[in-house]
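The lines below spell out each chain.
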Amino acid sequence: MKFYSLNKQSPAVDFKEATIRGLAPDKGLYFPEYIPLFTKELLESIDRVDNATIAYEVIREYAADVIPPEDLGRIAKEAIDFEIPLVQVDDNISSLELFHGPTLAFKDVGARFMSRCLGYFAKERNQKVVVLVATSGDTGGAVANGFYNVDGVEVVILYPSGKVSSVQEKQLTTLGNNIHALEVKGNFDDCQPMVKEAFADKELNERLFLTSANSINIARWLPQQFYYLLAWKQWEDKSNPPVIAVPSGNFGNICAGIMAYKSGMPVKHFIAACNANDTVPEFFRTGKYEAKKAVPTISNAMDVGDPSNFIRIQKIFSDDITDMKKMISSCSISDEETRNILKKVFEEKRYLMDTHGAVAYLALQRYLENNPGSKGIFLETAHPVKFYDVVEPIIGQQVPIPELVQQQLKKEKSAVLMNAESNLLKEYLLHS
Ligand SMILES: *Cc1c(COP(=O)(O)O)cnc(C)c1O
């Protein structure tokens, strides 16, 4: 499979090149030259296919020309080797729980898959890969954990000192081994230019195999299809496919779901559920895409004003908004509505959502009210404990801390404190 740049100014490359580069040289996102179809056997007998085989089948045609079946199978299996249950919350609403991975968020799946691909490519090249990322919190944890103990890969993570939650900081700074945390004296906007300059630095790039673990990377984006198929596997009423609501920020997750649909997985409709950051809902309303400045909300992993992956969705529908609207709806949910629905579902259904899942739940509930006879799934993208500071006041009680997090909190932090200066980062990369 070849992947071409959506800016059309760079040559098409294979899965390996596209994964290593992240972004094409012309700054475009990579997109597969065609969307493969799942086999009839997979779709018709999915109830009886084991999860690892499903994952392998989903990714096979994209990557099999550069990773042999045995290795690709192992990588796909490891990306989803935790529970991904579909839990019924209401008569017509189920929750796809994507928070049982090591950092309690759906990003674990993509991060684990990509890390293992890069590890594989590094081994082939006989060169150490250095993954360099700046994080404002969540992504860093998933990336760090995904790469932990992957042979041939060193990870350097920059995070703003004092600006990430205590749980997040522990996830970044307690792993050790090949994971190195740099605590930058400044905020996230001070970390990003340091990383950008490192990627632009000629000497650094000659000496090291530097790469980012950006969320637009195809090796993070495409494996997110896995759990849509796992939802379909667990969906009981196969004659009435689900409406799927996805809490959306950068639109990578929902875009993966749409790829699975285009590859043949039955879906009735998609809902892109947004918080107050309503660039896409507005696009659906007016037909004009206007990037906005992100505004802070209580579902902050979705505080994105110019979602990078939306261009891929437009591509899938050949830029035809009429076609797109038949399959996707989008709406914006306020913080107040998010709080109210989270509390209501907890009190009436005894089901505790996080703020991101709550946005999707409400969007789905509204859609189903107007489309009787349909049933739906919302993606619960994080464990509520990750946002305990917001969730606990809403429900008026403590969120039980999972065993995994309790262990993390007990561990000793280890980070290098650094001023926000690019030359210091360069020194560090060259000499440690
Ligand atoms: C990243 C994230 C999202 C948004 O996912 P996108 O793929 O960026 O749309 C939603 N919920 C949580 C908890 C996240 O961490």
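For the structure, check the block above.
Novice: Could you give an account of the overall build of the chain, naming the residues involved and the relevant values?
Specialist: The number of helices and strands found in the chain is 20 helices and 14 strands. Radius of gyration (C-alpha) of the chain: 21 Å, near the 22 Å computed for a compact globule of 432 residues. Each principal axis of the C-alpha distribution contributes one length, and for the chain these read about 65 × 50 × 45 Å. Counting all 432 residues of the chain, 58% fall into the buried class.

Novice: Help me get a handle on the nonpolar core, residues and values and all.
Specialist: Ranked by internal contacts, the top residues of the largest apolar core, which has 102 residues, are Phe15, Phe113, Phe226, Tyr228 and Ile313. Setting aside residues no more than four positions away along its own chain, Ile313 makes contact with Phe251, Ile254, Cys255, Ile258, Met324 and Ile328. Among the nonpolar cores identified, the runner-up in size contains 38 residues, and Leu104, Met302, Leu364 and Ala382 belong to it.

Novice: Can you explain the pairing of strand β7 (residues 153-160)? Please cite residues and give values.
Specialist: By the criterion of burial, β7 is predominantly enclosed, with seven of the eight residues buried. The sheet contact formed by strand β6 (residues 129-134) and β7 spans six bridges and is parallel. Within the sheet, the bridge partner assigned to Val133 lies in β7 and is Ile157. Traced from β6 through helix α6 (residues 138-147) to β7, the parallel crossover comes out right-handed. Across six bridges, β7 lies against strand β8 (residues 179-185) in parallel orientation.

Novice: Requested: an account of helix α5 (residues 107-125), with residues and values cited.
Specialist: For α5, spanning 19 residues, the distance from its first C-alpha to its last is 27 Å, which sits close to the expected 27 Å at 1.5 Å a residue. With 16 of 19 residues buried, α5 lies mostly within the body of the structure. At the C-terminal side of α5, Asn126 shows a positive phi close to 60 degrees.

Novice: Now, about the side chain of Asp303: what can you tell me, with residues and values included?
Specialist: Of note, Asp303 is situated in the loop between α13 (279-286) and α14 (310-316). Lys107 is the oppositely charged side chain nearest to the buried, salt-bridge-free Asp303, at an N-O distance of 11 Å. Side-chain polar atoms of Asp303 contact the side chain of Asn277, separated by 3.3 Å. Residues in contact with Asp303, not counting those within four places in the same chain, are Asn275, Asn277, Ala294, Val295, Pro296 and Thr297.

Novice: Account for the site of the ligand, with residues named and values stated.
Specialist: Within the structure, the ligand sits among 15 residues, and Lys107, Gly249, Asn250, Phe251 and Thr381 are positioned closest to it. Within the contact set of the ligand, an oxygen atom lies 2.8 Å away from a backbone nitrogen or oxygen of Asn250. In this structure, a nitrogen atom belonging to the ligand sits 2.9 Å away from a side-chain N or O atom of Thr381. Contact with the protein chains removes 95% of the 380 Å² of surface that the ligand exposes when unbound.

Novice: Can you tell me about the sheet that holds strand β4 (residues 86-88), naming the residues and giving the values?
Specialist: With respect to topology, six strands assemble into an open sheet ordered β4-β5-β13-β10-β11-β12, the strand pairing being mixed. With one partner strand each, in any of the chains shown, β4 and β12 (328-332) form the two edges of the open sheet. Along the sheet, successive strands turn relative to each other by an average axial angle of 25 degrees, direction set aside. Across five bridges, the pairing between strand β11 (residues 269-274) and β12 is parallel. Paired with Ala273 across the strands is Cys331, a residue of β12. Lying on the sheet, helix α12 (residues 252-262) is in contact with β10 (243-247), β11, β12 and β13 (376-380); it crosses β11 at an angle near 175 degrees. The strands touched by α13 within the sheet are β11 and β12, with β12 carrying the most contacts at an inclination of about 120 degrees.

Novice: Lay out the pattern of salt bridges in plain terms, naming residues and giving numbers.
Specialist: Scanning the model with the defined rule gives 21 salt bridges in all. Across the pair Lys238 and Asp47 runs a salt bridge, and its minimum N-O distance is 3.4 Å. Note that Lys238 is positioned in the loop between α11 (225-234) and β10 and Asp47 in the loop between α2 (40-44) and α3 (51-63), a separation of 191 residues in sequence. A relative accessible area of 28% places Lys238 in the partly exposed class. Residues Lys343 and Glu347 are paired through a salt bridge, measuring 2.9 Å at the closest nitrogen-oxygen approach. Taken together, the residues span about one helical turn, with Lys343 and Glu347 both in helix α16 (residues 335-349) at a distance of four residues. Among the charged side chains, a salt-bridge network with shared partners connects Asp71, Arg74, Glu78 and Arg116.

Cut-offs used in this document
Residues numbered from 1 in each chain as written. Predicted model: local features only at pLDDT ≥ 70, side-chain atom pairs only at ≥ 80, totals over all residues. Heavy atoms only, no water. Helix = DSSP H or I, 4+ residues; strand = E, 2+ residues; numbered from the N terminus. Rg over C-alpha atoms; globule rule 2.2 N^0.38 Å. Buried < 20%, exposed > 50% of the residue type's maximum accessible area, 1.4 Å probe, protein only. Core = buried A, V, L, I, M, F, W, Y, C linked by side-chain atoms within 4.5 Å. Contact = heavy atoms within 4.5 Å. Pairing = 2+ DSSP bridges. Right-handed = clockwise from strand over helix to strand, strands pointing away. Expected span 1.5 Å × (residues − 1). Lys, Arg positive; Asp, Glu negative; His and termini not counted. Salt bridge = Lys/Arg side-chain N within 4 Å of Asp/Glu carboxyl O. Polar contact = N/O pair within 3.5 Å; in protein donor to acceptor, adjacent residues only side chain to side chain. Near = heavy atom within 4 Å. Areas by Shrake-Rupley, 256 points an atom, 1.4 Å probe, with all protein chains shown as cover. Axes fitted to C-alpha atoms, helices over the stretch in contact; angles between N-to-C directions.

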